[in-house]
Amino acid sequence: MVRQEAMVWTGRGFNPKPGTLILDAGRLRFELDGQVVFDAPLNQLGISWPWYGFGCQFWAHTDGRKYFISFLHTGNTLFSWWEGVRLGRTWRRAMLANM
């Protein structure tokens, strides 16, 4: 499996925070503000992809907490929105293949 890394946003509303999502060897790692928020095997995370997220947003549940992760920022153009959807769907396929 190839290591993947992408800038993502967390938090809902108009002020999401940027972070880094890393998928490597069946593990998903999320970093925010220079800190590791979670780093766990995919099969130990509760991952759900809501239908309203167009395949580019998901919830990660771990250690009694949940994190909203999006490949889209709030201030998108049509082009950047489509690129975020495309990237999110690519990640979704990769994550499902490694669960």
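For the structure itself, look to the data block above.
Here's a quick rundown of the structure. (Residues numbered from 1 in each chain as written. Predicted model: local features only at pLDDT ≥ 70, side-chain atom pairs only at ≥ 80, totals over all residues. Heavy atoms only, no water.)

Below, the discussion takes up the overall build of the chain. Regarding its fold elements, the chain presents 1 helix and 7 strands. Each helix and strand of the chain, ordered N terminal to C terminal, gives the series β-β-β-β-β-β-β-α. Compactness check: the chain gives a C-alpha radius of gyration of 13 Å against a globular reference of 13 Å for 99 residues, within 12% of the reference. With the principal axes as the frame, the chain shows a C-alpha extent of 35 × 25 × 25 Å. Relative to its full complement of 99 residues, the chain shows a buried share of 41%. Across the chain, 11 positive and 7 negative side-chain charges occur, with their mean positions spaced 8 Å apart. (Helix = DSSP H or I, 4+ residues; strand = E, 2+ residues; numbered from the N terminus. Rg over C-alpha atoms; globule rule 2.2 N^0.38 Å. Buried < 20%, exposed > 50% of the residue type's maximum accessible area, 1.4 Å probe, protein only. Lys, Arg positive; Asp, Glu negative; His and termini not counted. Charge placed at Lys NZ, Arg CZ, Asp CG, Glu CD.)

Following the sequence through the fold, Gln 57 ends up in strand 6 (residues 57-62). Looking at Gln 57, its side chain comes within polar contact range of the side chain of Ser 70, at 3.4 Å. Not counting the four nearest positions on each side in its chain, Gln 57 is found in contact with Trp 49, Pro 50, Tyr 52, Phe 68, Ile 69 and Ser 70. (Polar contact = N/O pair within 3.5 Å; in protein donor to acceptor, adjacent residues only side chain to side chain. Contact = heavy atoms within 4.5 Å.)

What you see with strand 3 (residues 27-32) is a clean split: Leu 28, Phe 30 and Leu 32 sit on the buried side and Arg 27, Arg 29 and Glu 31 on the side with no burial. Direction of pairing for strand 2 (residues 17-24) relative to strand 3: antiparallel, over a ladder of 6 bridges. When the sheet's bridge partners are listed, Asp 24 is paired in strand 3 with Arg 27. If you look at the hairpin formed by strand 2 and strand 3, you'll find 2 residues sitting between the two strands, and Ala 25 has a positive phi there, around 55 degrees. Between strand 3 and strand 4 (residues 35-41), which pair antiparallel in sequence order, lie 2 residues; one of them, Asp 33, sits at a positive phi of approximately 55 degrees. (Pairing = 2+ DSSP bridges.)

Here we come to the environment of Pro 50. Mapped onto the elements of the fold, Pro 50 is located in the loop between strand 5 (46-48) and strand 6. Not counting the four nearest positions on each side in its chain, Pro 50 is found in contact with Gln 57, Phe 58 and Trp 59.

Here we come to the pattern of salt bridges. Tallied over the entire structure, the rule returns 6 salt bridges. Arg 29 is the salt-bridge partner of Glu 31, the closest N and O atoms lying 2.6 Å from each other. Residue Glu 31 is classed as partly exposed on the basis of its relative accessible area of 25%. Between Asp 39 and Arg 29 there is a salt bridge; the shortest N-O distance is 3.1 Å. Of the two residues, Asp 39 sits in strand 4 while Arg 29 sits in strand 3, which places them 10 residues apart along the sequence. Looking at Arg 29, the relative accessible area reads 26%, which means it is partly exposed. Connected through salt bridges with shared partners, the residues Arg 27, Arg 29, Glu 31 and Asp 39 form a single ionic network. (Salt bridge = Lys/Arg side-chain N within 4 Å of Asp/Glu carboxyl O.)

These figures capture arrangement, not role.
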